[in-house]
Structures are given as C-alpha cells and as structure tokens.
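# Understanding the architecture of this molecule
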Amino acid sequence: MVHTDFRFDLVFFKRFYKLCRRMFPTFGSTSVLMTVFLLLLSFLEQVVIYNVGLIPSKYYKILGEKDRAGFTSSTILFVFIILSEAFLTSAIAYVSSLLYVTWREALCRALHKSYFSNLMYYYVNTVDKTIDNPDQRITQDVDILTQTFSKVFVPLLISPFKIGYYMYQASQVTGYLGPVSVIIFFIVFTTLNKLLMSPVVQYFFLQEKMEGDFRFKHMHLRVNAESAAFYHAAAIEEDKTNTKLHDLLATQKKLIRWEFVLKFCISSADYLGSILSYIAIAFPIFYGHYDDLPPADMSSLISKNAFVSIYLINCFTTLMDQASSVTDVAGTAHRIGQLFEVLATLTEDQKEHRNSLCRPYSESFQEGSNSVREMTTRYAFEMEGVTYGPPKSSIVCCRGLTLQLKPNSNILVTGDSGCGKTSLIRIISGLWRSYQGSVNLGAGRIPQEIMYLPQKPYLTNGSLWDQIVFPSSETEVIPDDYKIYQYLSAVGLDPLVERIGGLDKDMDWNWHDELSPGEMQRLSFVRLFFHHPPFAILDEATSQVSEDMETILYQTCADLHITLLSVGHRNSIRRFHDFVLHISNDGGWTFQPLSNDHDGSRPDGGGGGEGSQSGHREQRDGAKGGRRAV
C-alpha cells in the first residue's frame, strides 16, 4: 500500500534516504567529490568570515589608539580578506549549482529508467492512476527538490560545527549566560517552527497536485481545441477550467496563511536575535567584570562579542530560515519518492505477467535472420481460452477466445463500438493481462517482427525520417531514402517532404498539431512499409482516410506480404481479409471464413484458399465452443 500522508515522519526520512542513495551513488562518484569540495570551501569560508567579523573590533582598537601605521597595514589585509570572502561566496554558489545539475540528472535518469522500462509510463498514466501528474513529478518536482536542496544542504551540514565554535567564543566573553540564552531562544522558536511546518508541507503537496491538474486542463483543451470548438461549448469548458483554478487558488490561500504564520515566527527570531547579544554582554559589564579595560579595548570587546553573539544567533536562525526551503524539499521528496515506489511495485507486478507470455519461436526472429520473411508455418501469436476485460474491473469483454494469427491469413475483427476490439489488441500486445487463458507469442514486439498501428498514430519529436524509422533509432536501420520516397509518394505524402524541407531536417514543431489525422495515419503506414514486418495489427488505422487511399494502403500491405489483424468497420476492407472474428456485446465471439467479393480471392492472389482456411479449422470450433459458454 502506498503511503499518501505527506508529513515530516518516518516515511519521509525513508523516502529521502532512498533519493540520497541515487544522488550519491558511490563514494567515488562526481556528486560525492563535489560535495566534499563544497564542504571544504564552506569551512574555509567560515574561517574568512570570522576574520571579516573581527574587522570592526580591530578598527575600534586601532582608531581608539590612533595607530596610523597599523591602520594602513590592517586596511590592506582587511581588503584582501573581504575579496577572499567574495571569491569563496561565488565559488560556493557555482559548485552548488553544478551539484544541483548533477543531482537532477541522476534522479531524472533513475526515474526515466523505471518510467520507460516495461511500458511503465503506460501503466502509470492509464491503468494504475495512483500517481497524479507523473510528468510534473519527473520534471518540475525533481527540479525544485535538487535546486532547493543544493542551497540548504551545506548550511544545514556545517551548522553544528559553526554553532559549537561560536558558543565557545561567546562563553569566553559572557560566561554561560550568552550561550544558554541563545540555546533557549533557539529551542523556543524551533518548536514553533516544527508545529507550523507540517501543515505547510501538506498544503505545498496539494498545491503541486492542483497546479498539475490546472495545467493539464489547459493542455487538454489546447491539444483538442478544434474538436472542442465544433461543440461550441466554451461556456462549460470555461466553467470546468475555472473550477480547477478555484480549487488551486483555495489551496494556495491556505498555504499562504500558514506560510504567513511561519514567516512571522522566523522574522521575529531574526529581529529579536539582533538585540540578544547586547543583553547577554550587558550583565558582565554592569557587574564590573571589565572595569579595568581602557575605553578602546572595551569598545573592541563589545564589538567582538556583538559579532560572536550575533553570528551564533545567525547560525541558529539560519536553520530556522531554511524552514520554508526544507518544506519544499520535503513536499517534493514525498512526491518523487512515491513515484519511485509505485513504479517499483508496478514493475514487479508486470514481470510475472510478461514472463507468462511465451515465445516458442523467438530464436527465429533474431535481427538479421533471413527466416523472418520465410515463415510459412509459424504464427504471430496464439490465444487459448482467453477471457479478458479492463484491468481492475469485473467487466468481461470476451470469454474463452481461441485465436491464432498465421502468415498469409488476414483476420478482420468486427463488433459494436465498446465491445472490446481494442482491448483484444491490448491483450495481444501485453498491455493488459487476461483474466483466464494463455497468450503465446511467436513474434516479438520489435518492429521487424510485428508492428501495431493504433487509430491515433504516435509521432515522436525530430525529423520526418525519425517518424518513419520509429520506433528504431538511426543506428538500428539501414538508410534507404529511395524506398522511403517511393512509399511517401504511394500514400500521397510526397508534398510533405517539400513542405518541411527534406527528410532529415529536424523540426521543432509538434507533429500532431501540424498534420491532419489522415496525414498521420498515412505516415504511420509509411512507417509500417519501411520496417516491413511479417505481421501487423491495425486498430482502425485507416478510419481517417478515404476509401480510395484505404485500398492503396491495404493493397501495399498485400504486395509486401504483411499478414494483418485489422479492427475496422468499413466494408471496403473486407476483401483484404480471409477470416472475420466478431465480438458481441455479451462477451461471445464467432470466427469464420470471410467470403471475399467477386472472384473470392484476396487482391494479392494468395490466402483465403483451402490451405489457409484449414489452418484455422480448430479456431472455428473453439469459437463456437466459446460462444456456447457465454
């Protein structure tokens, strides 16, 4: 069970410890070495700061004694000390910034490794729904955590050493009264801060969640602007968006109120601390402990003690000043830690499922194997008695389905909208797991073996060439621009090359915004033709193109001998298939040969014959049995 109560508790420290292990992977890592160097700079800075703090007291003594020679030499030394402090301050800020970048890269890469492993991004965004706005957690929350922590990390780490040293120095002047008064002062205000910080952490987390929801609502409208415009429903969308805004602002107001109280407490500590040093030294002066000192030495002593006491208070108040920053670290650490936990849980959950998907012929699909195009008796997948439905639901889309996709035997999947046709593809691809039965894979999920074409194609960033070779990288394919131009011309996309300025020109636009739905579907077929797998699964992949273009697309698949399992509603694609799987709304199904138009043969002259149908006789029997079981 995922812990969702975000406070300063044991769960926070466990999550933060795990994040630190990723930020500091080994003792010899860059982040550890930079941290050690940063600590050395910080300790050196404290030595310089101490000498800077003594400058006023030394001037009091020099001026009080009218020491001209000492004034000149001391001023030169003091300028050097001040410039050294300026350099160290800048160097510490510079190294802290580098450390922030290093930590951010480490956390983002660790999240990416889990997020993109085993399709976790799919399950987190569409199936599990435990995590809100995972994209915001990976981008914005990681940035806030690492940037804020890089600023408070060193001050928090060296504060105990500074406090110990300046407590000793204060005790030399005021006795126990100075250090004790500062400690009591710190305990009182720290207790108040602790009580105020937990609500701030809670509301900060809620604010980040609602910021993501509000941003997503605007992004959703931007992506679907045209579809929404056809409904002329601006009023209701404005109302829904304003509701998200209202919830966000209401949470921000609560956060602001708690931050006001917290900052009032912090500011009070800062200003009250400024007079505490004089109160502490007043007692030994009034009781005559320093009556024997000359005026110049007395002024120097008061100035030195003021610096020591004020800086000691500053050491404590610095910790309190970091309270708001620490709440940011805590809130984002909870959100990032929770994302890691959910990803780990889902990964373990999916390993067992994926291990159950057998590939008895996987050795025949190695990259470069000539047998991939020569398969005549093997299959893409085989389903035995599969019952399936949506994850975490009692709804059954189909019961006891037995199905096999063999070479040269195209299957058309039909049924009413919502009956479970796309769900079947999710089961085959391994995105969903079945309630019962088994799915054996004869082909893998790489594009050289089997390719899936969804109704809404996915286009990545980059050039047109990147879209076509996707999901392979440029190092995994052999460039063949001539063949690509042929396919683009065949589907009527050759003007697109001229429009964008060439295949290889890197485009910084969003391809989904620049291409029409029909252009995107045709481009996805160019991708299919380029990879030329033996099998393809199409989920209404031609729903946005004309019937004439649809015929060209399916005919090219036939010419390339790509065996298809197609989900579709148009009668025009029936002649490109040999069998039809019909899924009914009550969970039943039938599987039977498809009577092709005219001469009863497929356009490529193959398939649909006796050999092809006999290979599916057992499936037809299983289909009938499955329907009787409903």
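Scoring rules and cut-offs
Residues numbered from 1 in each chain as written. Predicted model: local features only at pLDDT ≥ 70, side-chain atom pairs only at ≥ 80, totals over all residues. Heavy atoms only, no water. Helix = DSSP H or I, 4+ residues; strand = E, 2+ residues; numbered from the N terminus. Buried < 20%, exposed > 50% of the residue type's maximum accessible area, 1.4 Å probe, protein only. Contact = heavy atoms within 4.5 Å. Areas by Shrake-Rupley, 256 points an atom, 1.4 Å probe, with all protein chains shown as cover. Phe/Tyr/Trp six-rings, centres within 6.5 Å; stacked < 30°, edge-to-face > 60°. Lys NZ or Arg CZ within 6 Å of the ring centre and 35° of its normal. Pairing = 2+ DSSP bridges. Axes fitted to C-alpha atoms, helices over the stretch in contact; angles between N-to-C directions. Patch = residues over 30% accessible without salt bridge, like charges linked within 9 Å, V, L, I, M, F, W, Y side chains within 5 Å. Salt bridge = Lys/Arg side-chain N within 4 Å of Asp/Glu carboxyl O. Lys, Arg positive; Asp, Glu negative; His and termini not counted. Charge placed at Lys NZ, Arg CZ, Asp CG, Glu CD. Core = buried A, V, L, I, M, F, W, Y, C linked by side-chain atoms within 4.5 Å. Polar contact = N/O pair within 3.5 Å; in protein donor to acceptor, adjacent residues only side chain to side chain. Right-handed = clockwise from strand over helix to strand, strands pointing away.

### Some words on the overall build of the protein chain
When helices and strands are counted, the protein chain shows 20 helices and nine strands. For the protein chain, the proportion of its 630 residues judged to be buried stands at 48%. Nonlocal contacts in the protein chain, meaning residues at least 24 apart in sequence, comprise 79% of its contacts between residues at least 6 apart. With the model as given, the accessible surface of the protein chain reaches about 31700 Å², and the carbon-plus-sulfur share is 58%.

### Points about the environment of Thr-318
Looking at where Thr-318 falls in the secondary structure, it is placed in helix H10 (residues 295–321). Along the backbone, Thr-318 and Leu-156 are 162 residues apart, and their C-alpha atoms lie at a distance of 8.5 Å.

### Overview of the packing of aromatic side chains
All told, the structure shown has 21 aromatic pairs when counted by the stated rule. An angle of 35 degrees between the planes, with centres 6.1 Å apart, marks the rings of Phe-24 and Phe-153 as tilted. Residue Phe-24 is found in the loop between helix H1 (10–23) and helix H2 (30–53), and its partner Phe-153 is found in helix H6 (residues 134–174); the two are separated by 129 residues along the sequence. Between the aromatic rings of Tyr-59 and Phe-78, the centroid separation amounts to 5.1 Å while the plane-to-plane angle is 75 degrees, which identifies the pairing as edge-to-face. Remark: Phe-78 occurs in helix H4 (residues 68–115) and Tyr-59 occurs in helix H3 (residues 55–65); sequence separation between them is 19 residues. Sitting above the plane of the Phe-340 ring, Arg-22 keeps its charged end 3.8 Å from the centroid.

### Re the sheet that holds strand E3 (residues 411–414)
Note: strands within a sheet are paired through backbone hydrogen bonds, in either parallel or antiparallel orientation. Here we have six strands laid out as an open sheet, ordered E5-E6-E7-E3-E8-E9, and mixed in their pairing. Each having just a single partner strand, strand E5 (450–453) and strand E9 (589–593) make up the two edges of the open sheet. Geometrically, the sheet is characterised by an average inter-axis angle of 15 degrees between neighbouring strands, direction not taken into account. In this structure, strand E6 (residues 535–539) lies alongside strand E7 (residues 563–567), joined through five bridges in parallel fashion. Looking at E7, one finds that Asp-539 is bridged to Val-567. The strands touched by helix H12 (residues 421–429) within the sheet are E3, E5, E6, E7 and strand E8 (579–583), with E6 carrying the most contacts at an inclination of about 145 degrees. Contacts from helix H17 (residues 517–531) reach E5 and E6, with the element oriented near 175 degrees to E5.

### A few points about the environment of Phe-16
With respect to the secondary-structure elements, Phe-16 resides in helix H1. For Phe-16, a relative accessible area of 15% gives the class buried. Put simply, Phe-16 and Gly-337 are 321 residues apart on the chain and 7.1 Å apart in space, counted from C-alpha to C-alpha. Those residues in contact with Phe-16 that sit more than four places away from it in its chain are Leu-145, Phe-149, Val-329 and Ala-333.

### Remarks on a nonpolar patch on the surface
Together, Tyr-176, Val-180, Ile-184, Val-188 and Leu-192 give the surface a local cluster of nonpolar side chains, amounting to about 490 Å² of exposed area. Tracing the backbone through its elements, the reader meets Leu-192 in helix H7 (residues 177–223). Taking the relative accessible area as the measure of exposure, Leu-192 reaches 39% and is therefore partly exposed.

### Quick notes on the pattern of salt bridges
One pass over the structure, following the stated rule, counts 12 salt bridges. A salt bridge links Arg-335 to Asp-141, with the nearest nitrogen and oxygen atoms 2.4 Å apart. Highlighted residues: Arg-335 in helix H11 (residues 323–355) and Asp-141 in helix H6, separated in sequence by 194 residues. On the accessibility criterion, Asp-141 (0% relative accessible area) is buried. Between Asp-213 and Lys-209 there is a salt bridge whose closest N-O contact spans 3.2 Å. Here Asp-213 and its partner Lys-209 are both found in helix H7, four residues apart, which amounts to about one turn of the helix. Under the relative-accessibility criterion, Lys-209 is labelled partly exposed at 28%.

### Notes on the sheet that holds strand E4 (residues 436–441)
Taken together, three strands build an open sheet; the order of strands is E2-E1-E4 and the sheet is antiparallel. Sheet topology places strand E2 (398–405) and E4 at the edges, where each strand pairs with a single neighbour. Mean inter-strand twist for the sheet, computed between neighbouring axes without regard to direction, equals 15 degrees. Strands strand E1 (381–388), E2 and E4 of the sheet are contacted by H12, whose axis makes an angle of about 125 degrees with E1.

### What about helix H5 (residues 120–128)?
Those residues of H5 that fall on the buried side of the exposure criterion are Met-120, Tyr-122, Tyr-123, Val-124 and Asp-128. The first or second residue beyond H5 is Lys-129, which carries a positive phi of 65 degrees.

### Brief notes about a positive patch on the surface
Side chains of Lys-14, Lys-18, Arg-21 and Arg-22 sit close together on the surface and give a patch of like positive charge. On the secondary structure map, Lys-14 appears in helix H1.

### Looking at the side chain of Arg-527
Tracing the chain through its elements places Arg-527 in helix H17. Buried within the structure, Arg-527 lacks any salt-bridge partner; its nearest side chain of opposite charge belongs to Asp-466, at an N-O separation of 9.9 Å. Setting aside chain neighbours within four positions, we find Arg-527 in contact with Met-451, Tyr-458, Leu-459, Gln-467, Ile-468 and Phe-470.

### Overview of the nonpolar core
Ranked by size, the top nonpolar core spans 79 residues in total, and within it Phe-381, Met-383 and Leu-581 carry the most contacts. Here the element with the most residues in this core is H4; it accounts for 13 residues. In this structure, Ile-484, Leu-503, Leu-553 and Leu-564 belong to the second largest nonpolar core, which totals 41 residues.

### A short note on unusual backbone geometry
In the segment running from Phe-470 into Pro-471, the intervening peptide bond is cis, with an omega of 10 degrees. Residue placement: Pro-471 occurs in the loop between helix H13 (464–469) and helix H14 (481–490). One non-glycine residue, Asn-118, lies in the positive phi region at around 55 degrees. Relative to the elements of secondary structure, Asn-118 occurs in the loop between H4 and H5. Overall, Asn-118 belongs to the partly exposed group, its relative accessible area being 29%. Unlike most non-glycine residues, Asn-133 shows phi in positive territory, near 45 degrees. Along the polypeptide, Asn-133 turns up in the loop between H5 and H6.

### Points about the side chain of Thr-146
Mapped onto the elements of the fold, Thr-146 is located in helix H6. The exposure class of Thr-146 is buried, given its relative accessible area of 0%. For Thr-146, the side chain forms a polar contact with the main-chain oxygen of Asp-143, separated by 3.3 Å. Beyond its immediate sequence surroundings of up to four residues, Thr-146 is in contact with Tyr-100, Trp-103, Arg-104 and Leu-107.

### Concerning the pairing of E6
Most of E6 sits inside the fold, with five of its five residues counted as buried. Here E6 shows a buried face lined by Phe-535, Ile-537 and Asp-539 and a second buried face lined by Ala-536 and Leu-538. Two elements, E5 and E6, share four bridges in a ladder whose sense is parallel. Of the residues in E6, the one forming a bridge with Met-451 is Ala-536. Taking the sense of rotation as the criterion, the β-α-β connection linking E6, helix H18 (residues 547–559) and E7 turns out right-handed.

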